[in-house]
Amino acid sequence: MLGEGLLKGLGETARNFAGSFVSKERLTTVQYPEEREPLPEASRAFPFLVYDGADWEAGLRCVACQICEKECPPKCIYIEKSKDKKPDYVGKPQIYPAKFDIDISVCMSCQICVEVCPFEAIKMDNQFELATDDRFGGLLYDRKELARSNEYYHKIHPTEAAEVDARLAEEKAKAEEKAKAVAAAAAAKAAPAMAAKPAEGAQPQ
Amino acid sequence: MTNMLDQVFVLLKHRIVGLVPMPVQPILGAVLSVVAILAVFPGLFAISVLLERKGLGRMQNRIGPNRVGPLGVLQPVADGIKALIKEDLVPYSADHVVHFLAPVVLVVVVFMGYAVLPMGRNMTFVPMDAGLLFYFAMGASAELSIFMAGWSSRNKYSLLGAMRAVAQMISYEVPLLLSSVVIVMMTGSLSLDKIVEVQNQYTWGLPHWFVFTPMGFAAFVMFAIAATAETNRSPFDLPEGESELVAGYFTEYSGFKFAEFFLGEYVAMLSISGLGATLFLGGWSAPLEILNVVPSWFWFFAKIMVWICFYIWMRGTFPRLRQDQLMNFAWKFVLPMTLLNLLVAGLWRFMGEGWLRWVVCSAILLAAYVLGGRIGMRSKKFGPRSYRYAE
């Protein structure tokens, strides 16, 4: 009959209306600023720079290769290379970013910088409450504001960070092995030469 | 004491008016009444907006606004302040004068309707003999303001919204009027005070409200439908259709003018609820004889608020109609039903007292409703939607 569906619909909304006062599980809304749900592990907002150890400046993994700067679709990254070099995690001297700025008002959170980085130096943060009253300066982050410890990275993306650490450790082990091999080869090379000319009296070093 | 409380506003007005010299008294009396109307109904508007937002939230299993004040009760105040401090934009190519006048006209004509509504015993601002006629004349003027708004904005959405609004409001004006004519036939008067007087009688403690007669009930239902469409409320909110027309005829309005449209819409809802309550639900008369100790004005406002709550309930339930469904429903179902209802009202009058007229009139109306519904549903005039391409 005409109107039957209307009454059914009215009954449904009435049930919801009354039910929302009775049962708490009907109200699924999270009252955001007071209560918040844990963010999913894969959530991401804006990039940050990872550093190892206690000193952020010494520990920055970034070597200022500028790949991310070139790949960034909205061009929100600005990098200036350093003149001098500092040792990286393997101990090899590398240049480092004298300046590393990200304008997060331009950043579109695409994660391409993270994907192209060969040094696992830039990762995605999940901090999204970045409101500021300074539209330009407040949203332009320099390398100090961007630096986050590896522990922080482990806290926000545990699985991913563990993988990264394993990979880095493997690379470091490989590099050390290689260095050892090189040293051994050099020693082996030096040994017969020394055996051939013992008369010179030089001590092997 | 009861009588005193019932007439408290009337006595207060007399007391204040008595303070000034004789020649000024009528003017002061009029000003006082106008001020009272202008203070009370925007207040009710604020309450109904809050009720609507909280109620709709609950129907969708949300809490609704809960930030401003305890439980969000100060939300309307915050909304009002926000609307007032917004920039008032007028489109460059709009017709400035008409664009400015449209919301003013709306608010004015909507408030004019209150002049004839009896809000309690002896509480009609202008006890007019042709009050109902005056009310409908004012109600019809709201269409003018809506069309002014849509036309002067120079915006396709505004214009489309205004065209829809005018088509819809004129279509539903007809059943609205014809369903009220039944009441005029039963009372023999266009005066709203007289209509309430007739309903303010009791048999075995029960009131003589028109909604309790067969054609009165049918007219009540159709009046409610037509009133919903008249005030552009969901499910008949095509003129505003925010999913397709931005905001319909008031797309180009901002700031205080937007607030005026918003106010006009809700005050019109309150006003047509008041008219519906007056015509069918006994106006200010109490629902039971023993409840007459409660002041009459309380009953009037209680009935308005119940009606508003029903509006909110409908808005939370029904999806918006399509334009052709809307028109089909008005012209092919509601209008024939109202015409039939007029005949039934005549029949009721000439069948005289007795139980027979109750049976006959109810049977005719029920049969017409079922039959009309069947035919309409079968020909897909206003039944479930059928999609030819998007299945």
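Residues numbered from 1 in each chain as written. Chains lettered and ligands numbered in written order. Predicted model: local features only at pLDDT ≥ 70, side-chain atom pairs only at ≥ 80, totals over all residues. Heavy atoms only, no water.

Draft legend 1. Structural detail: the packing of helix H8 (residues 192–199) of chain B against helix H11 (residues 255–280) of chain B. All names here are of chain B. Orientation of H8 relative to H11, taken along the N-to-C sense of each, is 45°, at an axis distance of 8 Å. In terms of orientation, H8 and H11 fall into the oblique class. Of the residues in H11, those in contact with Leu 192, Ile 195, Val 196 and Gln 199 of H8 are Leu 275, Thr 278, Leu 279 and Phe 280. Looking at the contact of H8 with H11, its residues break down into 6 nonpolar, 2 polar and no charged. (Axes fitted to C-alpha atoms, helices over the stretch in contact; angles between N-to-C directions. Helix = DSSP H or I, 4+ residues; strand = E, 2+ residues; numbered from the N terminus. Parallel < 35°, antiparallel > 145°, perpendicular 65-115°, else oblique. Contact = heavy atoms within 4.5 Å. Nonpolar A, V, L, I, M, F, W, Y, C, P; charged D, E, K, R; others polar.)

Draft legend 2. Looking closely at the side chain of Ser 191 of chain B. All names here are of chain B. When you line up the elements, Ser 191 lands in the loop between helix H7 (156–187) and H8. The class for Ser 191 is buried, based on a relative accessible area of 9%. When near neighbours in sequence (up to four residues on either side) are disregarded, Ser 191 contacts Met 128, Asp 129 and Gly 131. (Buried < 20%, exposed > 50% of the residue type's maximum accessible area, 1.4 Å probe, protein only.)

Draft legend 3. Structural context of the interface of chain B and chain A. The partner chain A presents 19 residues to the 20 residues of chain B that form the contact. Of the roughly 1700 Å² buried at the junction of chain B and chain A (both faces included), carbon and sulfur atoms supply 65%. Where chain B packs against chain A, one counts 1 salt bridge. Across the pair Arg 67 of chain B and Glu 34 of chain A runs a salt bridge whose closest N-O atoms are separated by 3.0 Å. At the surface where chain B touches chain A, the tally comes to 8 residue pairs in polar contact (both at pLDDT 80 or more). Where the side of chain B that touches chain A is concerned, the elements lending two or more residues are helix H3 (25–59), helix H12 (296–317) and helix H14 (356–378) of chain B. Of the residues forming the side of chain B that touches chain A, the biggest block, 5 residues, is contributed by H12 of chain B. For the side of chain B that touches chain A, the per-class residue count stands at 11 nonpolar, 6 polar and 3 charged. (Buried area = accessible area lost by both parts, 1.4 Å probe. Salt bridge = Lys/Arg side-chain N within 4 Å of Asp/Glu carboxyl O. Polar contact = N/O pair within 3.5 Å; in protein donor to acceptor, adjacent residues only side chain to side chain.)

Draft legend 4. Spatial organisation of the packing of H11 of chain B against H12 of chain B. Residue and element names in this part refer to chain B. One can describe the packing of H11 onto H12 by two numbers: an axis separation of 9 Å at closest approach and a directional angle of 120°. The angle between the axes of H11 and H12 places the two elements in the oblique class. Our pair here, H11 against H12, has a crossing hand that is right-handed. Where H11 abuts H12, its residues Tyr 266, Met 269, Leu 270, Ile 272, Ser 273, Gly 274, Gly 276, Ala 277 and Thr 278 lie against Phe 300, Lys 303, Ile 304, Met 305, Trp 307, Ile 308, Tyr 311 and Arg 315. Among the residues forming the contact of H11 with H12, the class breakdown is 11 nonpolar, 4 polar and 2 charged. (Left-handed = near helix turned anticlockwise from the far one by under 90°.)

Draft legend 5. Representation of the sheet that holds strand S4 (residues 122–124) of chain A within the structure. Residues and elements named next belong to chain A. Taking strand neighbours across the sheet as the criterion, the 3 strands line up as S4-S1-S6 in an open arrangement whose pairing is mixed. Sheet topology places S4 and strand S6 (147–149) at the edges, where each strand pairs with a single neighbour. Put simply, the sheet's adjacent strands are angled 50° from each other on average, direction ignored. Pairing of strand S1 (residues 47–51) with S4 involves 3 bridges; the strand directions are antiparallel. Counted as the bridge partner of Leu 49 is Ile 122 from S4. (Pairing = 2+ DSSP bridges.)

Draft legend 6. Local environment of the environment of Leu 146 of chain A. All names here are of chain A. Structurally, Leu 146 is set in helix H5 (residues 143–146). Residue Leu 146 is classed as buried on the basis of its relative accessible area of 1%. Leu 146 sits 99 residues away from Pro 47 along the chain, and the two C-alpha atoms are 7.7 Å apart. Setting aside residues no more than four positions away along its own chain, Leu 146 makes contact with Pro 47, Phe 48, Leu 49, Phe 100, Asp 101, Ile 102 and Tyr 141.

Draft legend 7. Quick peek at the environment of Asn 292 of chain B. Residues and elements named next belong to chain B. Considering the arrangement of structural elements, one finds Asn 292 in the loop between H11 and H12. Among the residues examined, Asn 292 registers a relative accessible area of 32% and is labelled partly exposed. Taking the C-alpha atoms as reference points, Asn 292 and Val 10, separated by 282 residues in sequence, lie 18 Å from one another.

Draft legend 8. Region of the structure containing the packing of aromatic side chains. Residue and element names in this part refer to chain B. This model, assessed by the stated rule, comprises 30 aromatic pairs over all chains. Seen from their ring centres, Phe 258 and Phe 262 are 6.2 Å apart, and the 15° between their planes marks the pair as stacked. With Phe 258 and Phe 262 both in helix H11 and 4 residues apart, this pair spans about one turn of that helix. Across the ring face of Trp 348, the terminal group of Arg 357 is positioned such that the distance to the ring centre comes to 4.0 Å. (Phe/Tyr/Trp six-rings, centres within 6.5 Å; stacked < 30°, edge-to-face > 60°. Lys NZ or Arg CZ within 6 Å of the ring centre and 35° of its normal.)

Draft legend 9. Representation of the environment of Arg 36 of chain A in the model. All names here are of chain A. For Arg 36, the location among the structural elements is in the loop between helix H1 (4–22) and S1. Judged by relative accessible area, Arg 36 falls into the partly exposed class, the value being 48%. Taking C-alpha positions, Arg 36 is 55 Å from Val 182, a pair spaced 146 residues apart along the chain. Apart from the residues lying within four places of it in its own chain, the contact partners of Arg 36 are Val 30 and Glu 129. Looking at Arg 36, its side chain comes within polar contact range of the side chain of Glu 129, at 2.9 Å.

Draft legend 10. Quick peek at the sheet that holds strand S3 (residues 93–103) of chain A. Residue and element names in this part refer to chain A. Ordered by their spatial adjacency, 3 strands build an open sheet running S2-S3-S5, and the pairing between neighbours is antiparallel. For this open sheet the edge positions go to strand S2 (77–87) and strand S5 (140–141), each flanked by a neighbour on one side alone. Pairing between S3 and S5: 2 bridges, direction antiparallel. Note on S5: the bridge partner recorded for Ile 102 is Tyr 141.

Draft legend 11. Quick look at the side chain of Thr 231 of chain B. Relative to the helices and strands, Thr 231 of chain B resides in the loop between helix H9 (214–230) and helix H10 (242–245). The contact partners of Thr 231 of chain B, leaving out residues within four places of it in the chain, are Glu 265, Ala 268, Met 269, Ile 272 and Tyr 311 of chain B.

Read these as geometric descriptors, not functional statements.
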